[in-house]
Amino acid sequence: MAIKEVVKNPAKILSKKTKEIEVIDENIIQLLDDLYDTMVENDGVGIAAPQINVDLRVAIVELGEDILEMINPIVLETRGEEEDVEGCLSFPDLFGMVKRPTYVKIEASDREGRIYELEAEDFEARCILHEIDHLDGVLFDSKMTRVLTEEELEELYADVEEE
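Rules used throughout
Residue positions within a chain follow its written sequence, with the count starting from 1. For a predicted model such as this one, the threshold for reporting local features is a pLDDT of at least 70, and the threshold for listing and counting side-chain atom pairs is 80 or more; totals across whole chains, interfaces and linings nevertheless cover every residue. Excluding hydrogens and water, the side-chain values take into account all heavy atoms of the structure. Numbering of helices and strands runs from the N terminus, with a helix taken as a DSSP run of H or I at least four residues long and a strand as a DSSP run of E at least two residues long. When we talk radius of gyration, it's over C-alpha atoms, and the globule rule is simply 2.2 Å times the number of residues to the 0.38. With a 1.4 Å probe rolled over the protein chains alone, any residue whose accessible area is under 20% of its type maximum counts as buried; one over 50% counts as exposed, and the rest are partly exposed. Any two residues whose heavy atoms approach within 4.5 Å at even a single point are treated as in contact. Put simply, a salt bridge is a Lys or Arg side-chain nitrogen that is within 4 Å of an Asp or Glu carboxyl oxygen. A patch is a set of surface residues, each over 30% in relative accessible area and not in a salt bridge, joined within 9 Å for like charges and within 5 Å for the nonpolar side chains Val, Leu, Ile, Met, Phe, Trp and Tyr. Only the protein chains shown count as cover for residues, with accessible areas throughout obtained via the Shrake-Rupley method and a probe of 1.4 Å. Positive: Lys, Arg. Negative: Asp, Glu. His and the chain ends are not part of the count. Every charge is mapped to an atom, namely NZ of Lys, CZ of Arg, CG of Asp or CD of Glu. Between rings of Phe, Tyr and Trp, where Trp is taken as its six-membered ring, a pair exists when centres lie within 6.5 Å; planes separated by under 30 degrees are stacked, by over 60 edge-to-face, and by other angles tilted. Criterion for a charge above a ring: Lys NZ or Arg CZ within 6 Å of the ring centre, and within 35 degrees of the ring normal. UniProt positions are given in the numbering used here, feature names are shortened, and annotations may be inferred rather than shown by experiment. In protein, a polar contact requires one atom able to donate a hydrogen and another able to accept it; more generally it is a pair of N or O atoms within 3.5 Å, and residues adjacent in sequence count only if both atoms are side-chain atoms.

A. Looking closely at the overall build of the protein. A tally of regular secondary structure across the protein gives three helices and eight strands. By the compact-globule yardstick of 15 Å for 163 residues, the protein fits well, its C-alpha radius of gyration being 15 Å. Split into buried and exposed, the 163 residues of the protein put 44% on the buried side. A separation threshold of at least 6 residues defines the contact pool for the protein, and within that pool the share at least 24 residues apart is 66%.

Right under this line is the structure:
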């Protein structure tokens, strides 16, 4: 396991569609472990392979106490819509409002090669869709309806802490 450097925008790898995984081997297992270590080190809730300069369709998302590992994820269904604040490890100090579905159903493989389906809502759906966007070369700044200033961000977090 290793902590990798997070690739920052405007690196070209961030804006290209990633390659599908043909075989899940020890290199893919290592990649999943490296993604986890890098995400934790950088206080993220998700990270995709292109963010550590790897052109493969792999991402992880923290779902409460669990870590969702997605190999070759496919979005099967979405519904609803909500605008909320997002940030990204590849865009330090940039936060903005992004509209995303409130529900997602995906299909992916785990590290054992087992195909699974997963449904998620609200914040978890947002995180999953953000990481899958990375695998398709779509960056959150292209979906922002507006950039948040540092003052607006502090106000939002102050309001959340009061609730």
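B. Representation of the pattern of salt bridges within the structure. As enumerated under the stated definition, the model contains 14 salt bridges in all. For Lys 17, the salt bridge goes to Asp 136, with nearest N and O atoms at 3.2 Å. Of this pair, Lys 17 sits in the segment before helix H1 (26-41) while Asp 136 is found in the loop between helix H2 (122-135) and strand S8 (144-147), placing the two residues 119 residues apart along the sequence. We note a salt bridge from Glu 117 to Lys 105, for which the minimum N-O separation is 3.4 Å. Residue Glu 117 is located in strand S7 (residues 115-121), and its partner Lys 105 is located in strand S6 (residues 103-109); the two are separated by 12 residues in the primary sequence. With relative accessibility at 48%, the residue Glu 117 sits in the partly exposed group. Beyond isolated ion pairs, a larger network of salt bridges with shared partners links Glu 86, Arg 100, Arg 126, Asp 133 and Lys 143.

C. Structural detail: a negative patch on the surface. A surface patch of negative charge is lined by Glu 62, Glu 65, Asp 66, Glu 81, Glu 82, Glu 83, Asp 84, Glu 119, Glu 121, Asp 122 and Glu 124. When residues of the negative patch are traced back to their parent elements, those giving at least two are strand S4 (82-87), S7 and H2. With three residues, S4 is the largest single contributor of residues to the negative patch. Summarising the element assignment, Glu 81 is placed in the loop between strand S3 (66-79) and S4.

D. How the structure looks around the packing of aromatic side chains. For the structure on display, the rule yields one aromatic pair. Their ring planes at 80° and their centres at 5.2 Å tell us that Phe 91 and Phe 140 sit as a pair that is edge-to-face. Placement of the pair is Phe 91 in the loop between S4 and strand S5 (95-100) and Phe 140 in the loop between H2 and S8, with a sequence separation of 49 residues. Note on Phe 140: relative accessible area 2%, which makes it buried. Lying across the ring of Tyr 103, Arg 79 places its NZ or CZ 3.8 Å from the centre.

E. How the structure looks around the UniProt feature "binding site: Fe cation" (unreviewed entry) in the protein. Here, the residues flagged by UniProt with the feature "binding site: Fe cation" (unreviewed entry) are Cys 88, His 130 and His 134. Their sequence span is 47 residues, while the largest C-alpha to C-alpha distance among them is just 10.2 Å; these annotated residues converge on one region. Residues in contact with Cys 88, not counting those within four places in the same chain, are Gln 51, Leu 94, His 130, His 134 and Phe 140. Here His 134 is to be found in helix H2.

F. Molecular detail of a nonpolar patch on the surface. Judged by side-chain polarity, Tyr 36, Val 40 and Ile 67 come together as a nonpolar surface patch covering roughly 230 Å² of accessible area. On the secondary structure map, Tyr 36 appears in helix H1.

G. Inspection of the environment of Arg 114 at higher detail. With respect to the element layout, Arg 114 can be found in the loop between S6 and S7. Residue Arg 114 is classed as exposed on the basis of its relative accessible area of 53%. Within the structure, Arg 114 has its side chain in polar contact with the side chain of Asp 110 (distance 2.9 Å).

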